[in-house]
Amino acid sequence: MTTIHRKIRNAAGTTGKSQVNLSSSGFAAVDRNITASAILSALSVPPVQGLLLPISKIAFNGYDIVPRPPEEEKANEAKIAEARRGLRMADKVVQSRSNIRQTFFDTLGFRHSIYNYSLKTEEQWTIPDVFKHLPAVSFEAAPDNTRGSDRYFSDPLLKGIVTDADDDSIHYWQSQSRSGKPVEIEADQIFHIQDRTPGELSYIASIIPTIRQWGFARSQAVMKYLQRVAAPNAVGVIDFQYVTAMMGDGQGDEGYLGTKTMGIPSEVWDYLDKVIKAQSTDTAFLMPPGTKLDYPTLSARPPIEIDQYLIREITSHLIPVNILDTLGSAISKSSTPALELFQLIVNGWREICARPFEEFYSKILEDNGFIGWTCEFQWWPIVPEDKAQVHKEALDGAMNRLITVNEYRAIHSLPELDDAALAQMSNEYNQLGGGML
């Protein structure tokens, strides 16, 4: 049998005359340049965003803002309430809960999270008037006077954050328009949070090569493989003996006298050529006798395994659960080491992202006369309390005389019993033959 292959367009975009593949498009090189804009794009790809967004909501789920007096001060309830009121007023402007989550993304992506603020006096409190997040990419460009200088040093990722070597001061140059030059912002109006990760790259920047490889594999390998599976190349198959017998052998008056292509009647060859070119998922054709369309089995190995491997590499970088493979027994001997590892990781993120806000609020307290006072975020538990387990432990404690009746009631949010009520309860218990409480 003779086989006709689909014609393939060559690199110049013209259709080749040969019936075989002329050229392929090839693969483009993966971009390895890492900039603030590249990091911003990396934060939006599904494997990264799909993991970090839920984590930000779980790790920074909420907290109570609590003022703490210094140990040597016996503050009364009125002063504690006043400190709490001032912090609530400040938090309405700062909106620390949402901005802590923003800091989480900023520090993972750029190692820096920058806010611009001003102060006002309201109800005898000096609190922020404006507290605005400044996009990290707006500090991507360095000012002209710092380039090539031995005095000024720009941050490796955010070139607009410049350190003056003479006095070790930090200057902030923000690009406030696409075409305008960077403008310096007063440093005393900047609230700057920094993750001091070793090296020059951030946590996200170090995984960008893998993210790019995943994007390349998804678009060039996975999608093209699926396209080929959905609409495979058609092959026209001709039964040479049948066709020549039907047409004649080309000799004598009764033989086939038309033109031939590679020994096949040209009209059959040309028709199959058109069928192959027009073949798609929504077309159907009548085939001449002695011919048929065939779809050879795709020999290429499915690239899904590569796709999944790169996704696992990205996610294991962001949440290093592989630590449990070697350190799981050292973390916990309970049945939930993964949860305990996650809690430890969350505590580290809170130290970087939330502790500066606690210190910012502590300074507000000090500036308003609460000398030595500090602010503490009491975080809500990541996992909801297991009420059945709490009840079991409390009941065991009460039955084994490890806790008092009122301690048991406090665990279940019940009011405390006075001495008379406890005596009555004891009498009733004895009358029922239960013995002494």
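Look up: the structure comes first, before these words.
Residues numbered from 1 in each chain as written. Predicted model: local features only at pLDDT ≥ 70, side-chain atom pairs only at ≥ 80, totals over all residues. Heavy atoms only, no water.

As for the overall build of the chain
- Each helix and strand in the chain was counted, giving 14 helices and 14 strands.
- Expressed as a percentage of the 437 residues in the chain, the buried residues total 34%.
- Counting contacts in the chain only where the partners sit at least 6 residues apart, residues at least 24 apart contribute 64% of the total.
- Of the roughly 26300 Å² of accessible surface on the chain, a fraction of 54% belongs to carbon and sulfur atoms. (Helix = DSSP H or I, 4+ residues; strand = E, 2+ residues; numbered from the N terminus. Buried < 20%, exposed > 50% of the residue type's maximum accessible area, 1.4 Å probe, protein only. Contact = heavy atoms within 4.5 Å. Areas by Shrake-Rupley, 256 points an atom, 1.4 Å probe, with all protein chains shown as cover.)

With respect to the sheet that holds strand β8 (residues 183–185)
- The antiparallel open sheet is built from four strands, whose spatial order is β5-β6-β7-β8. Every other strand in the sheet has two partners, leaving β5 (152–154) and β8 as the edge strands with one partner each. Direction aside, the axes of adjacent strands within the sheet are offset by 35° on average.
- Direction of pairing for β5 relative to strand β6 (residues 161–164): antiparallel, over a ladder of three bridges. Counted as the bridge partner of Y152 is D164 from β6. (Pairing = 2+ DSSP bridges. Axes fitted to C-alpha atoms, helices over the stretch in contact; angles between N-to-C directions.)

Looking at the nonpolar core
- Counting 69 residues, the largest nonpolar core has W349 and Y361 as the members making the most contacts within it.
- The residues touching W349, leaving out its near neighbours within four places in the chain, are I55, A59, F60, F104, L108, L318, I319, F342 and A354.
- With six residues, the next largest nonpolar core counts I238, I264, W269 and L272 among its residues. (Core = buried A, V, L, I, M, F, W, Y, C linked by side-chain atoms within 4.5 Å.)

Observations concerning the packing of helix α4 (residues 96–110) against helix α10 (residues 337–353)
- The interhelical angle for the contact between α4 and α10, taken along N-to-C directions, is 100°, at an axis separation of 9 Å. Our classification of the angle between α4 and α10 gives roughly perpendicular. For the pair formed by α4 and α10, the contact residues are I100, T103, F104, T107 and L108 on the first element and W349, I352 and C353 on the second. (Parallel < 35°, antiparallel > 145°, perpendicular 65-115°, else oblique.)

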